Structure formats: structure tokens, C-alpha cells
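Spelled out from the first residue to the last, the chains are:
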Amino acid sequence: MDLNQVYRNTVLSVANNKTVQDIVKQRAWSVAKRFVAGEERQTAIAAVKDMEKVGVHGILDLLGEFVDTEAKANEFADEIIRLLDAAEGQGFPIYVAIKLSSVGQKITLANGENLGMVNARRILKRAKELNAFVALDMEDHPLVDLTLEQFRTLVGEFGNQTVGTVLQAYLYRTEQDRASLDDLKPNLRIVKGAYLEPESVAYPNKRDVDLQYRRLVYQHLKAGNYCCVATHDESIIEDVKRFVQMNKIPYSQFEFQMLYGIRRDLQVQLAKEGYTVRAYIPYGSDWYAYFSRRIAERPANVMFVLRGMLRG
Ligand code: FDA
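Residues numbered from 1 in each chain as written. Predicted model: local features only at pLDDT ≥ 70, side-chain atom pairs only at ≥ 80, totals over all residues. Heavy atoms only, no water.

A word on the site of the ligand
- Surveying the vicinity of the ligand reveals 25 residues, the closest of which are Gly-193, Lys-206, Thr-231, His-232 and Glu-297.
- At 2.9 Å from an oxygen atom of the ligand is found a side-chain nitrogen or oxygen belonging to Gln-168.
- Between Asn-301 and the ligand, the recorded distance is 2.9 Å, taken from a side-chain N or O atom to a nitrogen atom.
- In isolation the ligand has 930 Å² of accessible area, and contact with the protein removes 87% of it.
- Where the shell around the ligand is concerned, the elements lending two or more residues are β4 (163-168), β5 (188-191) and β7 (254-259).
- Here the element with the most residues in the shell around the ligand is β7; it accounts for three residues. (Near = heavy atom within 4 Å. Polar contact = N/O pair within 3.5 Å; in protein donor to acceptor, adjacent residues only side chain to side chain. Areas by Shrake-Rupley, 256 points an atom, 1.4 Å probe, with all protein chains shown as cover. Helix = DSSP H or I, 4+ residues; strand = E, 2+ residues; numbered from the N terminus.)

A few points about the UniProt feature "domain: Proline dehydrogenase" (unreviewed entry) in the chain
- Those places that UniProt annotates as "domain: Proline dehydrogenase" (unreviewed entry) correspond, in this numbering, to residues 45-305.
- Across residues 45-305, helical content stands at 45% and strand content at 16%; the span's end C-alpha atoms are separated by 26 Å. (UniProt positions renumbered as here; feature names shortened; annotations may be inferred.)

Things to note about the UniProt feature "binding site: substrate" (unreviewed entry) in the chain
- In the numbering used here, UniProt assigns the feature "binding site: substrate" (unreviewed entry) to Lys-99, Arg-293 and Arg-294.
- Within the secondary structure layout, Lys-99 lies in the loop between β2 (95-98) and α6 (115-129).
- Each residue touching Lys-99, except ones within four places of it in the same chain, is listed here: Gly-64, Glu-65, Asp-137, Glu-139, Tyr-195, Tyr-280 and Arg-293.
- Among the secondary structure elements, Arg-294 is positioned in helix α12 (residues 288-296).
- Look at Arg-294 and you get buried, because its relative accessible area is 6%. (Contact = heavy atoms within 4.5 Å. Buried < 20%, exposed > 50% of the residue type's maximum accessible area, 1.4 Å probe, protein only.)

Structure, rendered in C-alpha cells:
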């Protein structure tokens, strides 16, 4: 395992500790604001409008994961529908990301239906009416099979212009997963992967993850599919630019995606160069898990958090 991975695993393990959670939740909002647009829907919409001014589109993301009651999952889905409605007519393409676990993926209803699917259908129905796009985020590895199976069903019902999903380059299985979805002509976001995963399922070395990342993007583009290249890794971005040029892949077949608060300079530069760029804009009060994954991605971020917390 390389040092990057050791750092990441350590931060993610410490972040799961209840005492650490309580302290950070109380004291780190001033720091978390760098990565989270705000707590309210309207603040997130304002952040999208702000990005639009510099040519970057937004992906609205209501924070929250592993919702464990039917009422909370339904309320979460209702809020996403309210978000879609609030974004309508605001002058930007409506694009949201959801985690199926936050709308009830782990809950089976008395009639045997999966609550995540019931709520996903409600959201996608409204999204389709509004010509909006919904990306199903990918969570940790025990949820991958179910998420891909549900994605397949939802593409069948709503089409690949309304729903897409995410594949993670750190999982050994992902090349096969990508190929197995080709018949759907899916809109896929390729990411490196942000969760704490064991060596039994994920590459322990960053180099292997980066290699698989490139392979996945190239294969997906070569297969003629739409690809969201979601990374801040400049060497990968440069390689993708070269690849599309050499293979005559039109700019309309891919886009770059990055996270709010990270490499805004690069986002704006790529947009100026004529590429489609979208920034993931998270909002909501349940920011802790998202925030800890961002801290785990970069050693310098721990000092940033500690300094921010000491300032209070
Ligand atoms: P890498 O980690 O190698 O970083 C490359 C460079 O980017 C760093 O050197 C640094 O300059 C900068 N950088 C990266 N992270 C930073 C940070 N936190 N703070 C400051 N600088 C940073 N994951 C997942 O498992 N499921 C998902 O659904 C998604 N969804 C998603 C959507 C979008 C739009 C993006 C951009 C990312 C995700 N991810 C994700 C997260 C992804 O898996 C990954 O953890 C991050 O993108 C960081 O990896 P990079 O590809 O940027 O490379």
C-alpha cells in the first residue's frame, strides 16, 4: 500500500470515530464551507448561478447518506423533487446527483418493493418532465451490485438522457462492470473512488488506480458512450484531451467534472478552452461524511482543518 493510501485510510478510519465526529461537527463548519455551498437549497442554486457566470455548470447534491427510516427516506426524496422544481426556469441546465441509500435503498417495504427504487422513480419522473438529468452516485463496495442493477432498470424506464451513474476506478471489478453496461449506452461518471475499501476489492496503490482510470475513460469513449471525466488530476485531464483529439471524439461526447471548492481555476480554464465543465455543488446540514472524504483526499487538508478549528 502506498503512502497516499495509508493517509487516506487513516483519515477515514479516524473520521468514523464518534468522539471525533462530535468535535468536528461542532467546530469545523467554518472549514467545511470551502467544500459545501451552504445548508439551504436556495444557497446551492445561487452557487450554480455563480458558476454559470464563468461558464461552468452545476450538479446539485443534497447531502445525506444511509437514511434508515422510511419517513426520512421519503422526506429526502421530497426535498430532491422540491429542489428540481426550484431549479426550473432559473436559466441553467438542471442536473442533480443522488445517493440511492439516502432515498431508501436499504429498506424493503411490506409489499416487497425496494424503497430506494420507489423514490428514485418519483424523482426521475419529475426530472424527465423538466428535462433534467439525475446521476446516481456510487457509494462503498457492498452497494455496487444493487446500484448497478437498479441503474439498469431505471435506464430501461427513463432512458439514458435522464439517468446516469458512476464507476470507481479503484475497484478491481470496474472494467468488467463498465463493459457489462455497454448495451445501455450509459452516461457514466468515472471517478477514482472516495471510500475506505479493503485490499480484497480495491487497488491499494494510487498508480494502479490512475492507470485503471485512464483505461476506463478511453474504453467508454471508444465504445461511443457519453463520459463524465470526474477528476482534478491534471495529468489525466491532459491525457484525455490528447486522446479525444487523436481519436476524433467530439466534445459533445464527454465533459469534465470537479468538486465545489477544488481547482476552480482549472474548471474555468477548461470551460474557456471550450470543454463542457460541471462542478458538483453539495449543500445541506448533513455535511460530515462528505467533508471527511474531501479531507482524506489530500494530506494538506488536515492542516487546513486543524488551523480552521483552532481559529474557531
Ligand atoms: P487525486 O486524488 O489524485 O487528486 C489530484 C489532485 O486534485 C490533487 O493533487 C489535488 O491537487 C487535487 N485534489 C483532489 N482532491 C482534493 C481535495 N479534497 N482537496 C484539495 N485538492 C484536491 N467518489 C465516489 O466514490 N463516488 C462518487 O459518486 C463520486 N462522485 C464524484 C463526483 C465528482 C464530480 C467528482 C469530481 C468526484 C467524485 N467522487 C466520487 C470523488 C472521487 O472518487 C475522488 O475521491 C476525488 O475526485 C479526488 O480524486 P481526483 O480524481 O481528483 O484525484
